Each structure stands twice: as C-alpha cells, then as structure tokens.
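Each chain, written out:
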Amino acid sequence: MDMNLLTLARTYDSDAKCRLYLEELAWPDGAKCPRCQSDKISRIEKRHQYDCDSCRYQFSVTAGTIFHDSHLPLWKWFAAIYLMCESKKGMSAMQIKRTLGIGYKTAWYLCHRVRAAIQSVEGKEEARFVGEVEVDETYIGGKDKNRHANKRKYGTGRHYAEKATVIGAIERGGRVRARVVPITDTATLDSFVREAVSQKVTLIATDEHSGYRLLGKDYNHGTVNHGKGEYVVGAIHTNTIESFWSLLKRGIVGSYHKVSKEHLPAYVSEFEFRFNNRKNPHLFRDTLKRLLSTEPLPFEKLTSKKSQAA
Ligand SMILES: [Zn+2]
C-alpha cells in the first residue's frame, strides 16, 4: 500500500490496529510460542498478550522490543518512525516533539532508539560492493571560525570543538556505506575499503590521499588528483560520493542544527539507511520489522556520557 502521513494516521489510529500490524509482520504464519514453538495459544485480550497452551509461557509481539516498556502509545511510535523514514533530510528530536506533541526527552529517546536499531543491523547482511565504486572521506564540523558567531552551524564549545572525519564508499547507482573514523591513516582507510568493497569491482575511484595507496595491489584502483585541480579522468571521479556528502551535511545543518560528536555515528547510519532505501516503497514496513527483531537499547546506555544534543 502506498503510504503517506494521512493514510498512516487513518490506518493505524489505535493501539490495537498497530499491534495487529506488528503481529502480522512478526508472525506472518500466525503467532507461535517463542519458547516451545507451539501454535496452540490463547489470546489474553486485556493485556495484549498470548498464553501458550502447551507450556503456559506468556508473550506479546512487543515483549523484548523497543516498543515494550515505553509509555508512548504505539501509534505515536508508528508516526515517529514514519517521519524518520520519509523525511529526506532527517527528523530531529525537536521536530518529532513538536509534530507528535510529546516531551522532548521522550522524543529524543525514541529517535535514538530507532537510529540504534537501524545501526545495529546495517552492514551485517549486506554483501560487499561491486561494480564501479567511489571511496572518499569528508570532514564535518570543525572550528567554523569564518562565520559570524550567531550563524555558526555546528555550535560552539564542546560540540565540534574538532572536526569529525567520515569515510564512505558508494556503488555508482547503488548503495552507500559511511562510517565515522578517528583518523585517516592508511590502516583505517585501507581496512574500511576492504571490509566494504569486493575485490571483484571493476573500478575503485579515490582521490590522491596517501591512505589509499595500497589498494592497487588488490583492486583496479584509479585516482584523481584534487590537489592539482584534476576531478574527472574518464570514469575516474568521486562525484557520486560527494553528492552523498552534500546530502549528509545539508541534513545535519538543516534538521539537526547541532550533532554532538558522540552521536554522529548514529546520524551517519541513519542517512546511509535512508539513502540505501531511497527506492524501497516498503521502507516504513521494513523499519518496523527491524525494530521488532532488535534488542532494545537501555536508556542508561544512551545517556552514559550525559550528552543529549540532538
Ligand atoms: Zn510454549
């Protein structure tokens, strides 16, 4: 079904309807006891639970997921996830708070849980990149000293006191993978590429950064020398990954205003996820499915460094 915010609100206007949909996604062949796999189960209407007739285990579709243990109604979770999936530039906790009329802390928590769930599955199932691949690194934040103080986009003080480096690989016409890295030495760049990119690629294009100099041993590696004003040599260029960097930076500036360095990896993952699913008409459904199969992230883990900038 083609989904927009209005059809979403109409279709899932109650917790019961949301729960039914989650059950469909979690148990496409009907509910089963997670402990003994029996399908002889009874529904306990009042508590949204099932009771296993064989082993008496009680369970629900949300138990052990991020939907559980939250005072937020399921339809608000649905709306928030929908907004986070569909918004091209991303949705900040502040926007979610306003749109759904929930507290900031709750909105912040919800956003981070959704991102963390997305992050924890991203990368595991994906095969290495093939075809023509571009690899590049970019810098986010930094001192920002050339702007007037009140126009500084990354904030001041502890946020972005230093630049953060992000490395990325992109398949032309395909997927992207991006990670925040502490440094850009050869070991870091080289191992990122080897993990992300199959040696069967027809081309891997980078700039002249010396960290990529060992790739030629195992890849068909072409470089352009940006330092010498060289940007495109036949098929060798990094224009595709640079478009992704622009999107990422516009998103961070436009929607998040400030992203603390600590949380940057989660934002980068979210952008990566949205980009890789840009042609997926079932993104909302697929995200719900991921959230159902992901361990919940305890609040303490998110707040351990006492940073709540989002
Ligand atoms: Zn059972």
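Residues numbered from 1 in each chain as written. Predicted model: local features only at pLDDT ≥ 70, side-chain atom pairs only at ≥ 80, totals over all residues. Heavy atoms only, no water.

> Please set out the sheet that holds strand S3 (residues 58–59) residue by residue, giving values where relevant.
A sheet is described by the order of its strands in space; here 3 strands give the open sequence S1-S2-S3, paired in antiparallel fashion. The strands lining the two open edges of the sheet, one partner per strand, are strand S1 (41–44) and S3. Relative to strand S2 (residues 49–52), S1 runs antiparallel, the two being bridged by 4 bridges. Its bridge partner lying in S2, Ile44 is registered against Gln49. (Pairing = 2+ DSSP bridges. Helix = DSSP H or I, 4+ residues; strand = E, 2+ residues; numbered from the N terminus.)

> Please give an account of the nonpolar core that cites residues and values.
Across soluble globular proteins, nonpolar side chains have a tendency to be buried as a group. Leu22, Phe67, Trp77, Phe78, Ile81, Ile96 and Leu288 are the most contacted members of the largest nonpolar core, which has 43 residues in total. Contributing elements (two or more residues each) for this core: helix H2 (15–26), S2, helix H3 (74–86), helix H4 (93–100), helix H5 (104–121) and helix H9 (283–292). Take this core: its biggest share by element is 10 residues, from H3. With sequence-adjacent residues up to four places away left out, Ile81 is seen in contact with Phe67, Val114, Phe284, Thr287, Leu288 and Leu291. Formed by 17 residues, the second largest nonpolar core is a distinct cluster that contains Ile140, Ile241, Leu248 and Val268. (Core = buried A, V, L, I, M, F, W, Y, C linked by side-chain atoms within 4.5 Å. Buried < 20%, exposed > 50% of the residue type's maximum accessible area, 1.4 Å probe, protein only. Contact = heavy atoms within 4.5 Å.)

> Outline the side chain of Glu137, listing residues and values.
By the secondary structure assignment, Glu137 is in strand S4 (residues 132–141). There is no salt bridge for the buried Glu137, and the closest opposite charge comes from Lys249, which lies 10 Å off by N-O distance. In terms of polar contacts, Glu137 uses its side chain to reach the side chain of Tyr212, at 2.4 Å. Those residues in contact with Glu137 that lie beyond four places of it in its chain are Thr165, Val166, Ile167, Thr184, Asp207, His209, Tyr212 and Trp245. (Lys, Arg positive; Asp, Glu negative; His and termini not counted. Salt bridge = Lys/Arg side-chain N within 4 Å of Asp/Glu carboxyl O. Polar contact = N/O pair within 3.5 Å; in protein donor to acceptor, adjacent residues only side chain to side chain.)

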